Amino acid sequence: QVHLVESGGGLVQAGGSLRLSCAASGTISAINAMGWYCQAPGSQRDLVAAITSGSSTNYADSVKGRFTISRDNAKNTVYLQMNSLKPEDTAVYYCNADIRLGLGPVSANYWGQGTQVTVSS
């Protein structure tokens with residue numbers, strides 16, 4: 001059983017910053033890619049940022065230069081530093097991880113419960 005628990009969301013004024021955290025727990029052999037997605041009301045869930053096990057990163061164009069994704073492999077945790085926040089960043093942010101449970105290469109995809117980020121103008 002694997003759980004992803006997010007924290008760090010909240011209400012912030014435009015131009016402000018937030019740091020999201022997502023910790024994976026359970027019987028984990030290894031974690032491959034980890035990422036953050038966002039979903040605004042009435043919209044699909046979109047990739048915000050992703051990071052591989054080797055710490056290569058990928059960002060949505062809308063957040064490049066403002067958000068930074070990082071991970072601490074010893075803590076099975078991924079972070080999203082969000083700076084210069086805009087009202088259009090308002091959404092529920094979900095953590096995602098591709099996790100291997102055993103010694104083989106087979107992995108499964110897991111989602112956190114989501115954390116609300118609201119940016120006021």
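Residues numbered from 1 in each chain as written. Predicted model: local features only at pLDDT ≥ 70, side-chain atom pairs only at ≥ 80, totals over all residues. Heavy atoms only, no water.

Asks: I'd like a rundown of the layout of surface pockets, residues and numbers included.
Replies: Roughly 220 Å³ of volume is contained in the largest pocket. In terms of lining, the largest pocket is formed by 18 residues, of which the most central are Cys 38, Ser 62, Val 63, Glu 88 and Asp 89. Sorting the residues of the lining of the largest pocket by element identifies strand S4 (30-39), strand S5 (46-51) and strand S9 (91-100) as the ones contributing at least two each. The element contributing the most residues to the lining of the largest pocket is S5, with three residues. (1 Å grid on protein atoms, 1.4 Å probe; cavity = no way out; pocket = protein on both sides within 12 Å on 5 of 7 lines; lining within 4 Å. Points joined across faces, edges and corners; volume = space filled by probe spheres on them. Helix = DSSP H or I, 4+ residues; strand = E, 2+ residues; numbered from the N terminus.)

Asks: Which residues make up the pattern of salt bridges, and what values do they have?
Replies: On inspection of all chains with the given rule, the structure shows two salt bridges. Across the pair Lys 64 and Asp 61 runs a salt bridge whose closest N-O atoms are separated by 3.0 Å. The exposure class assigned to Lys 64 is partly exposed, which follows from its relative accessible area of 48%. Here Asp 89 makes a salt bridge to Arg 66, at a shortest N to O gap of 2.8 Å. Placement of the pair is Asp 89 in the loop between strand S8 (77-82) and S9 and Arg 66 in the loop between strand S6 (57-59) and strand S7 (67-72), with a sequence separation of 23 residues. (Salt bridge = Lys/Arg side-chain N within 4 Å of Asp/Glu carboxyl O. Buried < 20%, exposed > 50% of the residue type's maximum accessible area, 1.4 Å probe, protein only.)

Asks: Let's hear about the sheet that holds S7: which residues, and what values?
Replies: The sheet built from four strands is open, its strands ordered S1-S3-S8-S7 with antiparallel pairing. If you trace the sheet from one side to the other, it starts and ends with strand S1 (2-7) and S7, each paired once. Along the sheet, successive strands turn relative to each other by an average axial angle of 15 degrees, direction set aside. In this sheet, S8 lies alongside S7 in antiparallel orientation, the contact comprising six bridges. Pairing of Thr 68 across the sheet is with Gln 81, part of S8. (Pairing = 2+ DSSP bridges. Axes fitted to C-alpha atoms, helices over the stretch in contact; angles between N-to-C directions.)

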